[in-house]
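Spelled out, the chains give:
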Amino acid sequence: MSFLARLRKFPFWAWFWFLLGALYFILPLYATVAFSLSWDPADPFKAYERSFGDSRFWRSFLLSNGLALATIFASIILVVPTAYWIRLKLPQARRIVEFLTLMPFVVPAIILVFGMIRIYSTPFTIPFTDIVLMRPLTNFSLGTNILIVAGYMVLSMPYMYRSVDTGLRTVDIRTLTEAAQSLGASWFTIVTRIILPNIRTAMLSGALLTFAIVVGEVVLASFLGVPAFGPYLFLLGQHRAYEPAALSFVSFLLTWVAMGLIQLVSGGQGQVAGSH
Amino acid sequence: MTHLALRNISKNFGDFVAVRDFNLDVKKGEFVSFLGPSGCGKTTTLRMIAGFEIPSAGTISLESLDITEKAPNQRNVGMVFQSYALFPNMTVAQNIGFGLQVRKEKESDIKDRVNEMLSIIHMEEKANSYPYQLSGGQMQRVALARALAIRPEVLLLDEPLSALDAKIRISLRAEIRSIQQRLGITAIYVTHDQEEALSLSDRIVVMNAGEMEQVGTPFEIYNFPTTRFVANFVGSLNTAEAEIVDPSKGALDMDGIRLESTNDFKGMSKGDKVTVAIRPERLSFLSEGKKENVFDAKVENITFLGSVVRVEVMIGKRKFSMDTFNRPSLSLPSIGDACKVTCSDKAVLILKA
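Residues numbered from 1 in each chain as written. Chains lettered and ligands numbered in written order. Predicted model: local features only at pLDDT ≥ 70, side-chain atom pairs only at ≥ 80, totals over all residues.

Digging into the overall build of chain A
Inference 1: Looking only at helices and strands, one finds 14 helices and two strands in chain A.
Inference 2: Relative to the compact-globule value of 19 Å for 276 residues, chain A shows a C-alpha radius of gyration of 24 Å, a clear excess of over 25%.
Inference 3: Seen along its three principal axes, the alpha-carbon backbone of chain A occupies a region of about 85 × 55 × 30 Å.
Inference 4: Within chain A, the fraction of its 276 residues that count as buried is 32%.
Inference 5: Within chain A, contacts between residues separated by at least 24 positions form 75% of all contacts whose residues are at least 6 apart in sequence. (Helix = DSSP H or I, 4+ residues; strand = E, 2+ residues; numbered from the N terminus. Rg over C-alpha atoms; globule rule 2.2 N^0.38 Å. Buried ≥ 20, exposed ≤ 12 C-beta atoms within 10 Å, placed from the backbone. Contact = placed C-beta atoms within 7 Å.)

Dropping the structure here:
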């Protein structure tokens, strides 16, 4: 084949758009990394050393990770059975539930947090009496953490629900459920041993998105007074130049590691190993 | 003795009646097929036995125990689905052992039973394969083993061979029948394929529009269909309108052509209009031997169908199909030739509406 013929066969425009897209994503990241390394030419990693040396970084980072894990866990417990039941028994309710899960896109986080503070900053009493059942959730640390996890669940609902729902769509859950029932399985067994393993990748995708939202979230954490990673990064950005760039890059890396883990767990098939 | 009994079963979905007044007694070890076109209610009836649908009326009992309202996981009924429904996250052995694990049987017992089932379906070497690594036929054999592993009271099969190609379908249906007979298990099989139902079943329930049309052995269903629907649905059929001339002698008149039939004429009288039916293979050329009915005919078309040759002839104003076995010595007339066609009086059936 001649050089010209090969040139004509070369998918020029496909490569052009691919490289343009890649540059769009890579350039800002490159700029961030380059900036984070430019603090001290003698010690390019100074911004990273400073960031990792700050005890507030570790405290806020670990707290956010803990909150993210709690949110993921609670979301899975809430969303998987809900999406499963809607697909199996209440398909007519799907549109309503989908609409509800999209509410966080419509209602800003600031409204959500003020609503939460308004309701949960007063003690729980027996209606029409002054008997207090529980003190305000905003008044103690565990209560605030419960509130913020609930808020994160709402914020991550569109991503988690849609991921799980898409996962459920890829398996014939009705027939699998009936097959398991005919073999004597209870609902708990069906969900834990049949449904969950078969939507593992979808759940991991939802979990990753939830993780990304929670770790970077500022509004809820700031207004509820939770010393999470988002407010820390925000505060740092206002007073420092190089460390926020370094930490932003670290956040990217974490996300990539998480995505790599998903690929590893799913065997690169986009679905649970063994399911086609 | 009745093993499974369905009494006056009906099922409505809103205004739509899916199954109407269904009654059936199934003996232990019997293989019964529900045969009918799509939407006739056969799968709905099967799903009611499995517990996936609750009847709107009537009762279902298994071993004299009313199971009408019992949950599917408490019925001990095994089910094989058209789409295999193997658990994608489990190996073949795990799939087969799932029902036993759910029942909390001992690990050693589960292992033994799984091995036994694997040997029954001749798939010992595939124990650690995942469903996606198997062919359709293998997947359905695993699904069968999984359903049988729990030693169910009744095995339900919902069009299990529909998704398979013709060759595998034939070999697997023989395997299903052989396993069912060997284990002596009661089986209910849903299909729209008459050949499957005829070759597998001890009895066939032909269904149409939610109702039972006829229940009988394959021989009875094929040779003595009682309704026009059954006759048309099971096998090929020539039908024609005729008038009863003499019920005591079984004499009929079809457009001026005299016909004799040994059919039961009870309740019919002279002058009644009826539908007569003759199977294509019951018609033959007069040269092959004279029978009670002889007709003048004209050859319209000849089609070779492999082992069978189908000859279409005009008898009077009506076109009839005639099937004859293909053999090297077969001598056939040419298209347009006049010929004589014959059939026995037993071959002429009179159908209900």
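Observations regarding the overall build of chain B
Inference 1: Scanning chain B from N- to C-terminus turns up eight helices and 20 strands.
Inference 2: Summarising its shape, the C-alpha atoms of chain B cover approximately 75 × 50 × 35 Å along the three principal directions.
Inference 3: Split into buried and exposed, the 353 residues of chain B put 41% on the buried side.
Inference 4: Pairs at least 24 residues apart make up 65% of the contacts formed inside chain B by residues separated by at least 6 positions.

Digging into the sheet that holds strand β14 (residues 273–278) of chain B
All names here are of chain B.
Inference 1: Taken in spatial order, the five strands line up as β13-β12-β11-β14-β20 in an open sheet, and their pairing is antiparallel. In the strand order of this sheet, the two ends are held by β13 (257–260) and β20 (349–351), each with one partner. Put simply, the sheet's adjacent strands are angled 45 degrees from each other on average, direction ignored.
Inference 2: Both β14 and β20 contribute to a ladder of three bridges, which runs antiparallel. Each bridged residue has a counterpart across the sheet, and for T275 the counterpart in β20 is L351. (Pairing = 2+ DSSP bridges. Axes fitted to C-alpha atoms, helices over the stretch in contact; angles between N-to-C directions.)

Here's the deal with unusual backbone geometry
Residues and elements named next belong to chain B.
Inference 1: Look at N8: it is not a glycine, yet its phi comes out positive at around 50 degrees.
Inference 2: Note on placement: N8 falls in strand β1 (residues 2–13).
Inference 3: Overall, N8 belongs to the exposed group, with 12 C-beta atoms counted inside 10 Å.
Inference 4: One non-glycine residue, E159, lies in the positive phi region at around 45 degrees.
Inference 5: Looking at where E159 falls in the secondary structure, it is placed in the loop between β7 (154–158) and α5 (166–183).
Inference 6: Look at E159 and you get buried, because 20 C-beta atoms sit within 10 Å.

Comments concerning helix α11 (residues 200–216) of chain A
Inference 1: Compared with the 24 Å implied by 1.5 Å per residue over 17 residues, the 24 Å span of α11(A) between its first and last C-alpha is a close match.
Inference 2: Listed as buried for α11(A) are T201(A), A202(A), M203(A), L204(A), S205(A), G206(A), A207(A), T210(A), F211(A), V214(A) and V215(A). (Expected span 1.5 Å × (residues − 1).)

What about the interface of chain A and chain B?
Inference 1: Facing the 20 residues of chain A at the interface are 21 residues of chain B.
Inference 2: Put simply, the parts of the chain that give the side of chain A that touches chain B at least two residues each are α9 (173–182) and α10 (187–198) of chain A.
Inference 3: Tallying contributions element by element places α9(A) first for the side of chain A that touches chain B, with six residues.
Inference 4: The residue inventory of the side of chain A that touches chain B, partitioned by class, reads eight nonpolar, ten polar and two charged. (Nonpolar A, V, L, I, M, F, W, Y, C, P; charged D, E, K, R; others polar.)

Comments concerning the packing of helix α4 (residues 55–88) of chain A against helix α8 (residues 141–170) of chain A
Residues and elements named next belong to chain A.
Inference 1: In contact at an axis separation of 7 Å, α4 and α8 are set at 45 degrees when each is read in the N-to-C sense. As summarised for this structure, α4 and α8 are arranged oblique, according to the angle between their axes. You can see that α4 and α8 cross each other, and the crossing is right-handed. Here α4 contributes L67, A70, T71, A74, S75, L78, V79, V80, A83, Y84 and R87 to the contact with α8, which in turn contributes N145, I148, V149, Y152, M153, S156, M160, Y161, V164, D165 and L168. (Parallel < 35°, antiparallel > 145°, perpendicular 65-115°, else oblique. Left-handed = near helix turned anticlockwise from the far one by under 90°.)

Remarks on the nonpolar core
Inference 1: By size, the foremost hydrophobic cluster in this structure holds 152 residues, and its most contacted members are V164(A), A143(B) and L156(B).
Inference 2: Of all the elements, α8(A) adds the most residues to this core, at twelve residues.
Inference 3: Among residues more than four places away in sequence, those in contact with V164(A) are V79(A), V80(A), A83(A), I199(A), A202(A), M203(A) and G206(A). (Core = buried A, V, L, I, M, F, W, Y, C linked by C-beta atoms within 7 Å.)

So, helix α4 (residues 136–149) of chain B
All names here are of chain B.
Inference 1: The terminal C-alpha atoms of α4 lie 20 Å apart, and with 14 residues this matches the ideal 20 Å at 1.5 Å per residue to within 8%.
Inference 2: Summarising burial for α4: twelve of the 14 residues are buried, a large majority.
Inference 3: Taken residue by residue, α4 has Q138, M139, Q140, R141, V142, A143, L144, A145, R146, A147, L148 and A149 as its buried positions.

Overview of the domain arrangement of chain B
Residue and element names in this part refer to chain B.
Inference 1: Splitting chain B by domain gives domain 1 (2–231) and domain 2 (236–351).
Inference 2: Computed from C-alpha coordinates alone, the two centres of domain 1 and domain 2 are separated by 38 Å.
Inference 3: Broken down by class, the residue content of the side of domain 1 that touches domain 2 amounts to two nonpolar, one polar and one charged. (Domains from an automatic or database assignment.)

Some thoughts on the environment of G267(B)
All names here are of chain B.
Inference 1: Mapped onto the secondary structure, G267 falls in the loop between β13 and β14.
Inference 2: A residue is classified by how many C-beta atoms lie within 10 Å of it, and G267, with 7 of them, is exposed.
Inference 3: Between the C-alpha atoms of G267 and P247, which are 20 residues apart in sequence, the distance is 9.4 Å.

Observations regarding the environment of A57(B)
Inference 1: Inspection of the secondary structure puts A57(B) in strand β4 (residues 57–62).
Inference 2: Distance from A57(B) to E281(B), taken between C-alpha atoms, is 42 Å for residues 224 residues apart in sequence.

A few points about the sheet that holds strand β19 (residues 338–343) of chain B
All names here are of chain B.
Inference 1: The strand order across the open sheet formed by five strands is β15-β19-β16-β17-β18, and the pairing between neighbours is antiparallel. The sheet terminates laterally at β15 (284–285) and β18 (318–325), the two strands that pair on one side only.
Inference 2: Judged from the eight bridges that link them, strand β17 (residues 308–315) and β18 form a sheet pairing that is antiparallel. Within β18, the residue paired with V311 across the bridge is M322.

Some words on the packing of helix α7 (residues 109–120) of chain A against α8(A)
All names here are of chain A.
Inference 1: One can describe the packing of α7 onto α8 by two numbers: an axis separation of 11 Å at closest approach and a directional angle of 145 degrees. Handedness of the crossing formed by α7 with α8: right-handed. Contacts from A109, L112, V113, M116 and Y120 of α7 reach α8 at L147, G151, V154 and L155.
Inference 2: Here the contact of α7 with α8 is composed, by residue class, of eight nonpolar, one polar and no charged.

What about the pairing of strand β3 (residues 31–35) of chain B?
All names here are of chain B.
Inference 1: Burial analysis of β3 places five of its five residues in the buried class, which makes it a mostly covered element.
Inference 2: Here β3 shows a buried face lined by F31, S33 and L35 and a second buried face lined by V32 and F34.
Inference 3: Here β3 runs beside strand β8 (residues 186–191); their pairing, made up of five bridges, is parallel. For S33, the partnering residue across the bridge sits in β8 and is Y189.
Inference 4: By the bridge criterion, four bridges tie β3 to strand β9 (residues 203–208) in an arrangement that is parallel.

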